[in-house]
Amino acid sequence: MARTCAQLAAKCSPRAVAAPAAVALLQQRRDLRSLALADYLLAASDVAEGEAARERLQDRARSSTDPMLTVLALHMPCVRPGCRNIEASQWSRLEPANLLAWLALPTRGAADGRYLLDEIASHVRHSRSYQEEAAALLQDLPPTGLAVRQPWGILNVRVLAHHCRSLGDLVTAERCEAVGELLWADGGATERLIALILAQHAQALLPERRAVWGPRLRELEAAISDRSLPMPALNATREQVCEAIALPRAGERAALSETDRARVLLRALGLSIWELRSRPRADAMRTPP
């Protein structure tokens, strides 16, 4: 089964982060989002209270109807035995129109891929990660506050990508391309790479969309043409994944570019940018002369 970014994050050691003033100010605001974000930051830090903060965050999300609390809890699950994490399906129940809520669901096989496409076609109208809302809460905090850079699209997309790759009918092609369009609009490097992987397999049945996706593929190829990050043949290493999902201090220079981070995360999720150069070939996405 494909792993989620949250499951990967749980396997990484917390980073030492000095943001007590930021956490204290969030706690003083007393609104649920600020309190949950304070727990999230404590849980992401190398502090004694980290695991207790994870448990509080799970409890807050379980008793709230605010999807943002659910997203925070999904990205910071408990590690200690005895703590009950929220179910991934809570997000899609609270916000069925959000693409990322459905992509957060664990997927196992072809039937799950068909189910996801059916539900997305029936309910989805937008893609919203709540990263902007979290960043807004941190905006006026002291400079010791954290920059929110974690990939908040919890993308269990390996099964979906396989389903789109084996498509053979126009309806499935249109649905796969529609998912890709929503992910592309999200704007994140990881989301855009996945969008290209999903959409490329629809081109054979939707040739009129090549004029849209061809330039997007060329944009990606330009971004990775001078890549400096060596990629392993099969899997990203645990160290690479932990670096990719790490929360840096505000103003800290990222060790990886956004494109390199996206490549690592895709590999960890069982996908690869090299799928863009497999069947159908990347040239198939180009607009015919």
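How each quantity is defined
Residues numbered from 1 in each chain as written. Predicted model: local features only at pLDDT ≥ 70, side-chain atom pairs only at ≥ 80, totals over all residues. Heavy atoms only, no water. Helix = DSSP H or I, 4+ residues; strand = E, 2+ residues; numbered from the N terminus. Buried < 20%, exposed > 50% of the residue type's maximum accessible area, 1.4 Å probe, protein only. Areas by Shrake-Rupley, 256 points an atom, 1.4 Å probe, with all protein chains shown as cover. Polar contact = N/O pair within 3.5 Å; in protein donor to acceptor, adjacent residues only side chain to side chain. Contact = heavy atoms within 4.5 Å. Axes fitted to C-alpha atoms, helices over the stretch in contact; angles between N-to-C directions. Left-handed = near helix turned anticlockwise from the far one by under 90°. Nonpolar A, V, L, I, M, F, W, Y, C, P; charged D, E, K, R; others polar. Parallel < 35°, antiparallel > 145°, perpendicular 65-115°, else oblique. Disulfide = S-S within 2.5 Å. Salt bridge = Lys/Arg side-chain N within 4 Å of Asp/Glu carboxyl O.

Student: What's the story with the overall build of the chain in this structure? I'm lost.
Tutor: Along the backbone of the chain there are 15 helices and zero strands. Burial analysis of the chain (289 residues in total) assigns 52% to the buried set. Summed over all atoms, the accessible surface of the chain reaches about 13100 Å², with 52% contributed by carbon and sulfur.

Student: Any chance you could explain unusual backbone geometry here in plain terms?
Tutor: In this structure, R30 takes a positive phi of about 70° despite not being glycine. For R30, the location among the structural elements is in the loop between α2 (20-29) and α3 (32-43). Taking relative accessible area as the criterion, R30 reaches 60% and is therefore assigned exposed. The phi dihedral of Y130 is positive, around 70°, even though this residue is not glycine. Tracing the backbone shows Y130 in the loop between α8 (110-123) and α9 (131-138).

Student: Got a minute to help me understand the side chain of N98 in this structure?
Tutor: Following the sequence through the fold, N98 ends up in the loop between α6 (89-94) and α7 (99-103). Accessibility expressed as a relative area gives 0% for N98, which makes it buried. A polar atom in the side chain of N98 sits 2.7 Å from the backbone oxygen of R128. Ignoring any residue separated from it by four or fewer positions in sequence, one finds N98 in contact with W91, V124, H126, S127, R128 and Y130.

Student: Just checking my understanding: could you explain the packing of α3 against helix α4 (residues 50-62) for this structure?
Tutor: Each pair of packed helices can be summarised by the angle the axes make with each other and by the distance between the axes. In the contact formed by α3 and α4, the axes pass within 8 Å of each other and the chain directions differ by 145°. For the element pair α3 and α4, the recorded crossing hand is left-handed. Contacts between α3 and α4 involve L35, A36, D39, Y40, L42 and A43 from the former and G50, A53, R54, R56, L57 and R60 from the latter. Residue composition of the contact of α3 with α4, by class: seven nonpolar, one polar and four charged.

Student: Would you mind showing me how to read the packing of α2 against α3 here?
Tutor: Where α2 contacts α3, the two axes come as close as 7 Å, and the packing angle between them is 155°. It follows that α2 is roughly antiparallel to α3 by the angle criterion. The hand of the α2/α3 crossing is left-handed. Contacts from V23, L26, Q27 and R29 of α2 reach α3 at S34, L35, L37, A38, L41 and L42. Residues of the contact of α2 with α3, tallied by class, amount to seven nonpolar, two polar and one charged.

Student: Sorry if this is basic, but what is going on with helix α5 (residues 67-75) here?
Tutor: In an α-helix there are 3.6 residues to a turn, and that puts residues three or four apart on one side. Of all nine residues in α5, nine are buried; the element is thus mostly enclosed. The opening residue of α5, the one whose side-chain oxygen lies 3.0 Å from the backbone nitrogen of M68, is D66.

Student: Is there a simple way to explain the state of the cysteines in this structure?
Tutor: Among covalent bonds in proteins, the disulfide is the one between the sulfur atoms of two cysteines. Counted by the stated rule, this structure contains two disulfides. Residue pairing for C78: its cysteine sulfur links by disulfide to C83, the two sulfurs lying 1.9 Å apart. Here C164 connects covalently by a disulfide to C176, the sulfurs 2.0 Å from one another. Torsion about the S-S bond of the C164 and C176 cystine: about -95°, corresponding to left-handed handedness. In this pair, C164 sits in helix α10 (residues 158-165) while C176 sits in helix α11 (residues 170-186), placing the two residues 12 residues apart along the sequence. Both residues of the pair, C164 and C176, count as buried.

Student: Please clarify how the side chain of Q90 should be interpreted in this entry.
Tutor: Take Q90: it is sitting in helix α6. Residue classification places Q90 among the buried positions, given a relative accessible area of 10%. Side chain to side chain, Q90 and T70 meet in a polar contact 2.9 Å long. Every residue in contact with Q90, bar those within four places of it in the chain, is listed here: A61, R62, S64 and T70.

Student: Would you explain the pattern of salt bridges in this entry?
Tutor: When their charged atoms lie close together, side chains carrying opposite charge are able to pair. The tally for this structure, following the rule as stated, stands at 13 salt bridges. The closest approach of N and O atoms between R54 and E51, which form a salt bridge, is 3.8 Å. A residue pair is termed a helical-turn pair when its members lie 3 or 4 positions apart in one helix, as R54 and E51 do in helix α4 at three residues. The two residues R54 and E51 agree in class, both being buried.

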